[in-house]
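In case you want the letters, here they are:
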Amino acid sequence: MSPHPIVEYTSASSWAMIEDKISPFAKDTLAKLIKFLEDEVYPAARVAHAQLPKDPEQRWKTVIPVLAELKEKAKKLGLWNLFLSKAHYPQFGVPLTNLEYGVMAEVLGRGGQLASESVNCSAPDTGNMEVLARYASPEQQKKWLVPLLNGEIRSAFAMTERFVASSDATNIRTTIRQEGNEIVISGHKWYISGAGDPRCALHLVLGKSDPDNSDKYRQQSIVIVPANAPGVKVIRPMGVFGYDDAPEGHCEIIYDNVRVPVENLVYGWGKGFEIIQGRLGPGRIHHCMRSVGAASYALDLLLQRVTDPAKKTFGKYLYEHGTVVSDIAQSRAEIEAARLLVYSAALQIDKMKAKGALKEIGIAKFVVPSMACQVIDRAIQAYGAEGVSQDTPLAAMYAGLRTLRIADGPDAVHIQQIGQRELKRAPAVTQRHAEVRKKEKTIAERFGVKVQL
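Presented here is an overview of the structure given in this document. This is a predicted model, so every value here is computed, not measured.

### Observations regarding the nonpolar core
Formed by 102 residues in total, the largest nonpolar core has its most connected members in L33, Y101, L132, L204 and L394. Take this core: its biggest share by element is 14 residues, from helix α9 (residues 272-306). Apart from residues no more than four positions distant in its own chain, L204 is found in contact with N128, V131, L132, A156, F157, A158, I222, V223, I224 and V266. A156, I192, C200 and A229 belong to the second-largest nonpolar core, a separate cluster that totals 19 residues.

Encoded structure:
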């Protein structure tokens, strides 16, 4: 029996470790996905880039033709909404676990935004669909979730704000207040991903609805705001290391007394913080899954470069110089380790849901993007000037992965949380150590020896 095609992209050992946890349906879907990516998506990457106009206005009005074609093909193949697990969302999900999707997300990560969007598994829509599937009313789901699941519209999640430290969500200043049968939203957001897309139909907006609540985690609410509602002002697309990431973009937006029906409140007043915690957990691990794939692709590019006879220097292949072989080995080891972290987090989410996997998600979130940045940096170094140019995907990949160390919670926050969690173990660790020393003393006395000077 021939090995599953995934081993060409991951490793035989990592696949052997989880294969018994992967259903026959998931194995078949994974094989189908790999073939679709190899035959259709990866070869279309440069075509999609060429189809995006360079005109600063037109690029924000464009639906890339080859992407639209890929989405239709993916739907027909049943490669659609793979991220949404039926175990957690029985009404809307597909019969895949987070672990099974994690393996798929790695190969999607090799193809960047194009690959993920082609199967309707791209951020921020994935997180928004999970929010609507878990927290929205049936009426909200019919109006907004179903079109998102069908890939007919796109969405944005409006949390990050200008002028405040948004990594602490309690700092949010956007106001959400009820006036009669309407909700009024006023605030200034930025780096709102997806808001530039001509297909973006809704924003999920986080704001303060009860600033005087003694519980600072019950002050926030989330409201569905139609993208074309009066008062929604998209000020500009923000650059990310000089990239605008059109047509989705990351936009600065002012909500100027935007009015929506009270029925647009998601889940209830004061539930905003609860919702974002439920949203960001799976979203963070999805990013990590794709990051492992991006790092693997960068390593492949590195291998091609250093073994290219046309790129010899001083009569030697690049791999025969300096620390190149060491860089390759380090990259492989780091990718393998990061993959296991992601698998561990995905398994824990499957068993305990996102709330029960906060430690595993947090560790992966600050380890994996940093690892990917390091691997991509080594590849860039091997390519020289070409590595930072538009002629390879490496520079754009690095920009995206470096940004991920800030998005969905900066590294420092996750590191602090994990460190504080570890410190809570100190009393138990100290007690255990004391018990060992007590038993040690008894054994030493029985043998008549001293274990310390």
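### Observations regarding a nonpolar patch on the surface
On the surface, a nonpolar cluster with roughly 400 Å² of combined accessible area is contributed by I443, F447, V449 and V451. In this fold, V449 is placed in the segment after α14 (426-447).

### Notes on unusual backbone geometry
In this chain, A123 is followed by P124 through a cis amide linkage whose omega measures 0°. Within the secondary structure, P124 sits in the loop between α6 (112-118) and α7 (125-135). A cis geometry characterises the amide bond from A246 onward to P247, with omega recorded as 0°. Looking at the secondary structure, you find P247 in the loop between β6 (232-237) and β7 (250-261). The residue F163 is not glycine, and still its phi comes out positive at about 80°. Structurally, the position occupied by F163 is in the loop between β1 (154-158) and β2 (175-179).

### Some words on the pattern of salt bridges
A full pass over the atoms with the stated rule returns 30 salt bridges. Salt-bridge contacts for K73 lead to E40; the nearest nitrogen and oxygen are separated by 3.0 Å. With K73 in helix α4 (residues 65-77) and E40 in helix α2 (residues 24-41), this pair connects stretches of sequence that are 33 residues apart. K73 sits in the partly exposed class, given a relative accessible area of 30%. Residue class for E40 comes out partly exposed when judged on its relative accessible area of 27%. Salt-bridge contacts for D411 lead to R405; the nearest nitrogen and oxygen are separated by 2.5 Å.

### Comments concerning the packing of α7 against helix α8 (residues 138-149)
To characterise two packed helices, one gives the angle between the axes of the helices and the distance between these axes. Their axes nearest at 10 Å, the elements α7 and α8 cross at an angle of 145°. Of the two possible hands of crossing, α7 and α8 adopt the one that is left-handed. Residues D125, M129, L132 and A133 of α7 lie in contact with α8, whose contacting residues are Q141, W144, L145, L148 and L149. A per-class count over the contact of α7 with α8 returns seven nonpolar, one polar and one charged.

What counts, and at which threshold
Residues numbered from 1 in each chain as written. Predicted model: local features only at pLDDT ≥ 70, side-chain atom pairs only at ≥ 80, totals over all residues. Heavy atoms only, no water. Core = buried A, V, L, I, M, F, W, Y, C linked by side-chain atoms within 4.5 Å. Buried < 20%, exposed > 50% of the residue type's maximum accessible area, 1.4 Å probe, protein only. Helix = DSSP H or I, 4+ residues; strand = E, 2+ residues; numbered from the N terminus. Contact = heavy atoms within 4.5 Å. Patch = residues over 30% accessible without salt bridge, like charges linked within 9 Å, V, L, I, M, F, W, Y side chains within 5 Å. Areas by Shrake-Rupley, 256 points an atom, 1.4 Å probe, with all protein chains shown as cover. Salt bridge = Lys/Arg side-chain N within 4 Å of Asp/Glu carboxyl O. Axes fitted to C-alpha atoms, helices over the stretch in contact; angles between N-to-C directions. Left-handed = near helix turned anticlockwise from the far one by under 90°. Nonpolar A, V, L, I, M, F, W, Y, C, P; charged D, E, K, R; others polar.

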